[in-house]
Amino acid sequence: MATATRQPPAKDTANGSVRVEIFDQVYNLRGSDPAYIVKLAEYVDMKMRAVSEQTATVDSVRLAVLAALNIADEYHLLKKKLASPAPEVKQRTSKLESALDEVLQDTRRIG
C-alpha cells in the first residue's frame with residue numbers, strides 16, 4: 001500500500017514533504033497538501049497492484065506504464081462524460097430556457 005501499513009507516512013512539516021510507498025518503493029514527495037499526496041500515492045499503488053495481478057510481468061517500469069494508461073483511460077472517460085451533459089440535463093435546460101423566454105416576452109408586452 002502507498003501508506004505502508006507497517007509504518008504511517010512520515011511528514012516533514014518543515015518542507016511539506018511526505019514519505020509514501022508505491023509498489024514497495026519509497027518516495028519522498030513534496031506539496032502543499034500532504035494528505036492529498038498520500039491519497040494519490042495510495043491510488044497509484046492500488047492501480048499498479050491491480051495491473052500486476054492481471055499480467056505476468058514483474059518489471060515495475062512496465063507495470064507503472066500500464067497503470068498510467070489505466071489512469072489516463074479513467075481520466076479521459078470522465079472528461080468525456082463531463083463534456084456532454086446527460087439527456088435529462090439538456091431537457092431540463094431546454095424547458096427552463098422556454099420558460100425564461102416566455103417570462104421575458106410577457107415583461108416586454110407589459111413594460
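Residues numbered from 1 in each chain as written. Predicted model: local features only at pLDDT ≥ 70, side-chain atom pairs only at ≥ 80, totals over all residues. Heavy atoms only, no water.

Of regular secondary structure, the protein chain possesses three helices and three strands. Considering the protein chain as a whole, with its 111 residues, one finds that 17% of them fall into the buried category. In the protein chain, of all internal contacts separated by at least 6 residues, the share reaching a separation of at least 24 is 28%. (Helix = DSSP H or I, 4+ residues; strand = E, 2+ residues; numbered from the N terminus. Buried < 20%, exposed > 50% of the residue type's maximum accessible area, 1.4 Å probe, protein only. Contact = heavy atoms within 4.5 Å.)

This part takes up the side chain of D45. As for its placement among the helices and strands, D45 is situated in helix α1 (residues 34-54). Within the structure, the side chain of D45 is placed 2.6 Å from the backbone nitrogen of F23, a separation counted as a polar contact. (Polar contact = N/O pair within 3.5 Å; in protein donor to acceptor, adjacent residues only side chain to side chain.)

For strand β2 (residues 17-22), the tally of buried residues reaches five of six residues, placing the bulk of the element in the interior. Where β2 lies against strand β3 (residues 25-30), six bridges are found, and the strand directions are antiparallel. Pairing of R19 across the sheet is with N28, part of β3. The turn linking β2 back onto β3 is made up of two residues, and F23 within it adopts a positive phi angle of 50°. (Pairing = 2+ DSSP bridges.)

As a further point, take the nonpolar core. With eleven residues, the main nonpolar core is built from V18, V20, I22, F23, I37, V38, A41, M48, V51, L63 and A67. At the level of secondary structure, the elements contributing two or more residues to this core comprise β2, α1 and α2 (60-83). In terms of residues, this core owes the most to one element, α1, which gives five residues. (Core = buried A, V, L, I, M, F, W, Y, C linked by side-chain atoms within 4.5 Å.)

Attention now moves to the confidence of the model for the protein chain. Confidence in the prediction for the protein chain averages 87 pLDDT; 86% of positions are at 70 or higher. When pLDDT is averaged over each helix and strand of the protein chain, the minimum, 62, is found for strand β1 (residues 11-12) and the maximum, 97, for α1. The model gives residues 3-7 a pLDDT under 50, and that stretch makes eight contacts with residues more than four places away or in other chains. (pLDDT = per-residue confidence, 0-100.)

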